[in-house]
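Coordinate analysis (summary)
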Amino acid sequence: MPAVKAAGRKATVPERKTATQALPSKAAPAGSSDGDIALLAAMVAHAHRQDGGRTEPLRDVVVRKEEEETVSLLQRCRQLGLIEGMLCRSRICSGRWDSDPACH
């Protein structure tokens, strides 16, 4: 190490590391990504816990079943909004426009 004299004291200047000394030549070991895997597993488990409590869909899906009346189905269609309600009404009344009075 080179020494520098200044005002009667000795000070040393540290050597600079070269780029080859600062960068490792080997790739990171395979076990270093275990933390990432554990984090991802915890995030997925947390997301599934949040979705697990929901048993009914967020939106009402109106599907014709034999025991339901057309009037009640069309009332549910009206609650969906303008465009979705119109599409729902078209689907419920498909093939019944002339025979079912609720579809007129």
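My aim in this report is to walk through the structure given alongside it, one point at a time. Remember, predicted model here, so these are calculated numbers, not experimental data. (Residues numbered from 1 in each chain as written. Predicted model: local features only at pLDDT ≥ 70, side-chain atom pairs only at ≥ 80, totals over all residues. Heavy atoms only, no water.)

Some details on the side chain of Thr70
Along the chain, Thr70 falls in helix 3 (residues 70-78). Using a relative accessible area of 7% as the deciding quantity, one classes Thr70 as buried. Side chain to side chain, Thr70 and Asp100 meet in a polar contact 2.5 Å long. Thr70 has contacts with Arg64, Ile92, Asp100, Ala102 and Cys103, leaving out every residue within four places of it along the chain. (Helix = DSSP H or I, 4+ residues; strand = E, 2+ residues; numbered from the N terminus. Buried < 20%, exposed > 50% of the residue type's maximum accessible area, 1.4 Å probe, protein only. Polar contact = N/O pair within 3.5 Å; in protein donor to acceptor, adjacent residues only side chain to side chain. Contact = heavy atoms within 4.5 Å.)

So, the side chain of Asp100
The topology assignment puts Asp100 in the segment after helix 4 (82-92). If we ignore the near neighbours within four places in the chain, the residues touching Asp100 are Arg64 and Thr70.

Structural notes on the environment of Gln75
Locating Gln75 in the fold gives a position in helix 3. Considering only alpha carbons, one finds Gln75 and Arg89, 14 residues apart in sequence, at a separation of 9.3 Å.

Regarding a nonpolar patch on the surface
On the surface, a cluster of nonpolar side chains totalling about 460 Å² of accessible area is made up of Leu82, Ile83, Met86 and Leu87. Mapping Leu82 onto the fold places it in helix 4. (Patch = residues over 30% accessible without salt bridge, like charges linked within 9 Å, V, L, I, M, F, W, Y side chains within 5 Å. Areas by Shrake-Rupley, 256 points an atom, 1.4 Å probe, with all protein chains shown as cover. Salt bridge = Lys/Arg side-chain N within 4 Å of Asp/Glu carboxyl O.)

With respect to helix 4
Among the residues making up helix 4, those that are buried are Gly85, Cys88 and Ile92. The arc that holds every buried residue of helix 4, seen down its axis, measures 60 degrees, which confines them to one face. In helix 4, those exposed residues whose orientation departs by more than 90 degrees from the buried face are Leu82, Ile83 and Leu87. Lining the buried residues of helix 4 we find helix 3. (Arc of directions from axis to C-beta.)

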